[in-house]
Amino acid sequence: MPPTEDLAAKIDQASEAGEQFAKLYYETYDKKRHMLNKLYLDTATMVWNGNGLSGLENIQKYLEGLPVTEHRMESLDCQPISDKVSGGQFSIIVKTYGTVKYQNRKSKTFHQNFMLTSQNNVWKVVSDSFRFQD
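Residues numbered from 1 in each chain as written. Predicted model: local features only at pLDDT ≥ 70, side-chain atom pairs only at ≥ 80, totals over all residues. Heavy atoms only, no water.

Chemist: Before we move on, can you summarise the environment of Ile 81 with the specific residues and values?
Modeler: Tracing the backbone shows Ile 81 in the loop between strand S3 (69-80) and helix H3 (83-86). Sequence separation between Ile 81 and Val 122 is 41 residues, and the spatial gap between their C-alpha atoms is 17 Å. Setting aside anything within four residues of it in sequence, one finds Ile 81 in contact with Ser 86, Ser 91, Ile 92, Ile 93 and Met 115. (Helix = DSSP H or I, 4+ residues; strand = E, 2+ residues; numbered from the N terminus. Contact = heavy atoms within 4.5 Å.)

Chemist: Could you give an account of the environment of Tyr 62, naming the residues involved and the relevant values?
Modeler: Mapping Tyr 62 onto the fold places it in helix H2 (residues 56-64). Each C-alpha atom, one on Tyr 62 and one on Trp 48, is 9.4 Å from the other, the two residues being 14 residues apart in sequence. Among all residues touching Tyr 62, those that are not within four sequence positions of it are Trp 48, Asn 51 and Leu 53.

Chemist: Any details on the UniProt feature "domain: NTF2" (unreviewed entry) in the protein chain? Residues and values, ideally.
Modeler: Per the UniProt annotation, the sites labelled "domain: NTF2" (unreviewed entry) are residues 17-132. For residues 17-132, the end-to-end C-alpha separation is 25 Å, with 24% helix and 53% strand making up the annotated structure. (UniProt positions renumbered as here; feature names shortened; annotations may be inferred.)

Chemist: Can you explain H2? Please cite residues and give values.
Modeler: An α-helix turns once every 3.6 residues. As a result, residues three or four positions apart point the same way. The complete set of buried residues in H2 reads Leu 56, Ile 59, Gln 60 and Leu 63. Buried residues along H2 cover an arc of 95° about the axis, so they all sit on one side. Opposite its buried face, H2 presents the exposed residues Glu 57 and Lys 61, each directed more than 90 degrees away. (Buried < 20%, exposed > 50% of the residue type's maximum accessible area, 1.4 Å probe, protein only. Arc of directions from axis to C-beta.)

Chemist: Summarise the packing of aromatic side chains; cite the residues concerned and give the values.
Modeler: This structure, assessed with the given rule, holds 14 aromatic pairs. A ring pair is formed by Phe 110 and Phe 130, whose centres lie 5.2 Å apart and whose planes are at 20°; its orientation type is stacked. Separated by 20 residues along the polypeptide, Phe 110 in strand S5 (residues 107-119) and Phe 130 in strand S6 (residues 122-132) bring together distant segments of the chain. Comparing Phe 110 with Phe 130 shows no difference in burial state: the two are buried. Members of the aromatic cluster, each reached through a chain of ring pairs, are Phe 21, Tyr 25, Tyr 26, Tyr 29, Tyr 40, Trp 48, Tyr 62, Tyr 102, Phe 110, Phe 114, Phe 130 and Phe 132. The cationic tip of Lys 108 hangs over the ring face of Phe 132; the distance from NZ or CZ to the ring centre is 4.3 Å. (Phe/Tyr/Trp six-rings, centres within 6.5 Å; stacked < 30°, edge-to-face > 60°. Lys NZ or Arg CZ within 6 Å of the ring centre and 35° of its normal.)

Written out as C-alpha cells, the structure reads:
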C-alpha cells in the first residue's frame, strides 16, 4: 500500500531535514566543536561506544575531550517517527555511516544514530548513539 500524502510529506521533510542536520553536525564537530551544544536538547542522552552520558553539559564536556577529527559521511538514512510514539511532536531518526580520522591516527569506520525533534523550528538532538565498526 503506498504511503498517504501526509506520510509522504513527512518522509520528504525528514529526509531533507536529516541531510541538512547531518552536514551541519559533522562540520560543527570537526571545525567548531565548542558549538555542538547548540544542536542538543538540555536533557539529551548519548551513548558513545558504550559510554552513557546524560545532559547537555556532560555531552559537551565529553566531546570536547576527544582528539581533533575529520568525518566523512558515506551514507545517510532518515525517517519520521510516528506521531503515536512521539506524542504528536514531529521527530525524526537520522542514521549515518562513514569514516572518522582522529589526529595522528588511522581512519575508523563508524555509524551514528540521532533522534531529533523540532524545538522552535530548530532540530535538536534528543538521543545520540555513536559506535565504531571494528
